[in-house]
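# Summary of the model geometry
Chain residues, written in single-letter form:
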Amino acid sequence: MSHYHIKHLEEYYQVYRKSVREPENFWEEIAEEHFLWRKKWDKVLSWDFTKPEVKWFEGAQLNITENCIDRHLSTRGDKTAILFEPNDPNEPAEHITYRQLYERVNQFANVLKEQGIQRGDRVCIYVPMIPELAISILACARIGAIHSVVFAGFSSKALATRINDSECKLVVTADGSYRGAKTIDLKGIVDEALQNCPSVKSVLVVKRTNEDVHMEAGRDHWLEPLLDKASKEGKAEIMNAEDPLFILYTSGSTGRPKGMVHTSAGYMVYTAYTFKNTFQYREHDIFWCTADIGWITGHSYIVYGPLANGATTVMFEGVPSYPDFGRFWEIVQKHKVTQFYTAPTAIRALAKQGVELVDKYDLSSLKVLGSVGEPINEEAWHWYNDTIGKGKSPIVDTWWQTETGGIMITPIPFVTPTKPTYATLPFIGVQPALMDDNGQEIKGNQVDGKLCIKFPWPSMARTIWGDHQRYKDTYFSAFENKYFTGDGALRDEVGYYRITGRVDDVIIVSGHNLGTAPIEDAINEHPAVSESAIVGFPHDVKGNALYGYVTLKDTGESRNHENLRKEINQLITDRIGPIAKLDKIQFTQGLPKTRSGKIMRRILRKIASNDTSNLGDTSTLLNPEVVQEIMDNVL
Ligand code: WTA
């Protein structure tokens, strides 16, 4: 019998050891006993990190939606699969049962087929957090189309870049979206993007806000009438284990986003298994992950992981502050949420509001609290543990990435003793390594280094869409034969891991990964700007905020700095989205550079963080004099 559900610490260690000693046997048992296969695999795993190439369950055939929907119909047909809580608290919540989900996914899949979408085609999904977002994802998976969800807060330029990178044929969107008291003209953003997207042949539009929107004849279709005509039955396309399931873009250190490609079988097995254990999920639980499905957390732990376990998964359309900062707790009480999974930035924002807004609500249904997206600081951890969990709901601080597909380092609640700010132990099958700057693995405890993973796990991304070389360069070249995460970590005296943060040019702001290069590219488009450098600095709610150092072209004219700041942030909003706006912009005469012309971000980071006691030797810089000037004018 496989250990699908781990219940005590000794069992964890025993299963973990097995997963390392005999990974193939271990994963084969999990896969065999808990999933529905059309055909079993010929080989559990083949891998070579030098290429890199990883294949799990090769030769197997399946459809992930049969695992997430069809197989539950006989036992859970009337159980709520998706519990939709709208932005407006006065609008009733919607309970979509597994049977209804089956019908709605088939209808959607049939509409996609009618629009000419076939197996392997890419479909871009730019939809707010409404049920159609999850349904369109599953509809793509049902017919073997590759979904590429783009977070509906990205700008038209960012959307166009992503559509073009994977040459999507169809876009699913909505007329508009609600975010708290605001309404966003989503269709307008799509129209703008599509001016430069030749691959897109059709657009399906969900009605949500009932705004008057432009509908391009021959290209745009309202979804509802098409769904109404479509059959509620439909066969799932039989997919190969390693067929791409989806593409999801993440920031990188160059301007172009990286389209991480996840495949079917391994992703399914790993997200389902981590979901079950990390949240100690039981049959009648109500699981709520507050992430947006536009990010990996939503893909894996709102859609696929929960549904593969036949769970009830909450989808919340709104924001934590609307109509007031008690909204999350109101929803927990209303739906008797048992597992609550959110980001440290939300916890910090809520902790600022005082306890009255928490005490108004009955949170006694909660059993497990999760955290994801960035390191959770000690203060936020204690507030979450004491004020929300009342000391009885363990916090699972889950470390993972878009690239890893599923949770990699985490406590298992009621199994692993927690420790504030520590993600604690590797999940079953995960083999972390800490590396020094000479490329050597650092063994033993009480050490810190760069975090790598030295053995494949089933849900790892297989490539970057259209650019395998970049996949290799980014993740498999820094350390020989290892996947490099881009994060630093330390291991304490008992082997617990604490993630210390990014060691590359990615900055995590409010839990969102932002690459410095695309932001700098956007700023440099301003006609008055000569050069710019972005760094992160500590922020009490966002974790990090962005600090921009900008040098201006010498045109002899005097410039109004306040206006320039606004224009720069507007450019960033247009090119990327409001999430990438800068909190502070300092205009400087120059940027500190090495003799080879590389900007010394380390110095800029320290100045922005008000930590100038140890700037190191600046005398070897090309232009040491600018350091003093920058320090004198720091904001
Ligand atoms: C960071 C989100 C500390 C980390 C699932 C990682 C974390 C990046 C944690 C991936 C955590 C995520 N503790 N840091 N529990 N979880 N991170 O791709 O730097 O949006 O590399 O995936 O977020 O962000 P991504």
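Preceding this paragraph is the structure being described.
In short, a report on the structure. (Residues numbered from 1 in each chain as written. Predicted model: local features only at pLDDT ≥ 70, side-chain atom pairs only at ≥ 80, totals over all residues. Heavy atoms only, no water.)

### Here we look at the sheet that holds strand β26 (residues 497-502)
Sheets are built from strands paired through backbone hydrogen bonds, the pairs being either parallel or antiparallel. Reading across the sheet, the five strands line up as β22-β21-β23-β25-β26 and stay open at both edges, with antiparallel pairing between neighbours. The two strands at the open ends of the sheet, each matched to only one other strand, are β22 (441-442) and β26. Note that strand β21 (residues 432-435) and β22 share two bridges and pair antiparallel. Bridge pairing in β22 links methionine 435 to glutamate 441. (Pairing = 2+ DSSP bridges. Helix = DSSP H or I, 4+ residues; strand = E, 2+ residues; numbered from the N terminus.)

### Comments concerning unusual backbone geometry
For residues that are not glycine, phi is negative in most cases, and the peptide bond is trans in most cases. Of note, the amide linkage connecting lysine 51 to proline 52 takes the cis form, showing an omega dihedral of -20°. Mapped onto the secondary structure, proline 52 falls in the loop between β1 (43-48) and β2 (53-58). Residue proline 323 follows tyrosine 322 across a cis peptide bond; omega there is -5°. By the element assignment, proline 323 lies in the loop between β17 (312-316) and α12 (327-335). Of note in this structure, glutamine 280 is not a glycine but carries a positive phi near 45°. For asparagine 481, which is not glycine, the phi torsion reads 65° and is therefore positive. Assessed through its relative accessible area of 39%, asparagine 481 is described here as partly exposed. (Buried < 20%, exposed > 50% of the residue type's maximum accessible area, 1.4 Å probe, protein only.)

### Looking at the site of the ligand
In the neighbourhood of the ligand, 17 residues make up the surrounding shell, with Asp397, Thr398, Thr402, Asp487 and Arg502 lying closest. Measuring from a nitrogen atom of the ligand, one finds a backbone N or O atom of glutamate 374 at 3.3 Å. One nitrogen or oxygen atom from the side chain of aspartate 487 is found 2.5 Å from an oxygen atom belonging to the ligand. For the ligand, the protein covers 96% of the area, taking 530 Å² as the surface of the free molecule. Of all the elements in the fold, those that place two or more residues in the shell around the ligand are α11 (296-308), β20 (395-398) and β26. For the shell around the ligand, the per-class residue count stands at seven nonpolar, six polar and four charged. (Near = heavy atom within 4 Å. Polar contact = N/O pair within 3.5 Å; in protein donor to acceptor, adjacent residues only side chain to side chain. Areas by Shrake-Rupley, 256 points an atom, 1.4 Å probe, with all protein chains shown as cover. Nonpolar A, V, L, I, M, F, W, Y, C, P; charged D, E, K, R; others polar.)

### With respect to the pattern of salt bridges
Side chains that differ in sign of charge can pair as their charged atoms come close. Under the definition given, this model contains 38 salt bridges. Across the pair glutamate 237 and arginine 119 runs a salt bridge whose closest N-O atoms are separated by 3.0 Å. Of this pair, glutamate 237 sits in the loop between α9 (223-229) and β13 (239-240) while arginine 119 sits in the loop between α5 (98-114) and β6 (122-126), placing them 118 residues apart in sequence. Given a relative accessible area of 31%, glutamate 237 falls into the partly exposed group. (Salt bridge = Lys/Arg side-chain N within 4 Å of Asp/Glu carboxyl O.)

### Focus on the pairing of β6
Burial analysis of β6 places five of its five residues in the buried class, the great majority of the element. Across the two faces of β6 the burial is the same, with Arg122, Cys124 and Tyr126 and Val123 and Ile125 all buried. In terms of handedness, the path from β6 via helix α6 (residues 131-143) over to strand β7 (residues 146-149) forms a crossover that is right-handed. Summarising the sheet, β6 and strand β8 (residues 170-174) pair through four bridges and their orientation is parallel. Looking at β8, one finds that tyrosine 126 is bridged to threonine 173. (Right-handed = clockwise from strand over helix to strand, strands pointing away.)

Geometric values such as these leave the question of function open.
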